[in-house]
Amino acid sequence: MNTPFHLAFPVKDIESTRAFFGDLLGCEIGRSTDKWIDFNFFGHQLSAHVKPEELAQAQTNAVDGKNVPVRHFGAVLEWNQWHELADKLKAEGIDFVIEPYIRFEGEVGEQATMFFLDPSGNALEFKSFKDPSQIFAK
């Protein structure tokens, strides 16, 4: 098992953050105050801190003809879990920055990926590898 990472990031408010990460994404809620909230983000610790003045729209880079937000975070999920999440987000009407799609189909490093924003405008990417052993393939 990999060691969990910790990421702290700014949000505009606790309520919309709790609903998005807790209710929509299904992340277990840890400790919280009126200024921050922790989540179990697929085995990793996220700490969302209310600091709206720190929020800024991420700049993008062109990747595969798509505008990928440079500043983003997310999780690598199992193949079926990724597809279930993509279906759930579509059903919930999430406005994707990059719609769910398959990159490098039939090639080394074949992966599913999607980008969307949390209520504070933080960009998230969720991906999955058809063959998990190829996560760092060249």
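Coordinates for the structure precede this section.
(A) Fine view of the overall build of the protein. When you go through the protein residue by residue, the secondary structure sums to two helices and ten strands. Helices and strands in the protein line up, N terminus first, as β-α-β-β-β-β-β-β-α-β-β-β. Along the three orthogonal principal directions, the C-alpha set of the protein runs to about 45 × 35 × 30 Å. Counting every position in the protein, which comprises 138 residues, the buried fraction comes to 38%. A separation threshold of at least 6 residues defines the contact pool for the protein, and within that pool the share at least 24 residues apart is 52%.

(B) Quick look at unusual backbone geometry. Non-glycine residue F42 carries a positive phi angle of around 55 degrees. Among the residues examined, F42 registers a relative accessible area of 30% and is labelled partly exposed. The phi torsion at D64 lies on the positive side, around 55 degrees, for a residue other than glycine. By the secondary structure assignment, D64 is in the loop between β5 (60-63) and β6 (66-69).

(C) Inspection of the environment of P69 at higher detail. Locating P69 in the fold gives a position in strand β6. Remark: the alpha-carbon pair of P69 and N122, spanning 53 residues in sequence, is separated by 9.4 Å. Beyond its immediate chain neighbours, meaning those up to four positions away, P69 contacts A58, Q59, T60, V97, F115 and A123.

About the criteria used
Every chain is numbered on its own, with residues counted from 1 as its sequence reads. Predicted model: local features are reported for residues with pLDDT of at least 70 only, side-chain atom pairs are reported and counted for 80 or more only, and whole-chain, interface and lining totals are derived from all residues. Each side-chain value is worked out from all heavy atoms of the structure, with water and hydrogens disregarded. Helix numbering and strand numbering both begin at the N terminus, where a helix is a DSSP run of H or I of at least 4 residues and a strand a DSSP run of E of at least 2. Here the term buried applies to any residue with accessible area under 20% of the maximum for its type, exposed to any over 50%, and partly exposed to those in between, with areas from a 1.4 Å probe on protein chains only. The contact criterion used is simple: two residues touch if any of their non-hydrogen atoms lie within 4.5 Å.

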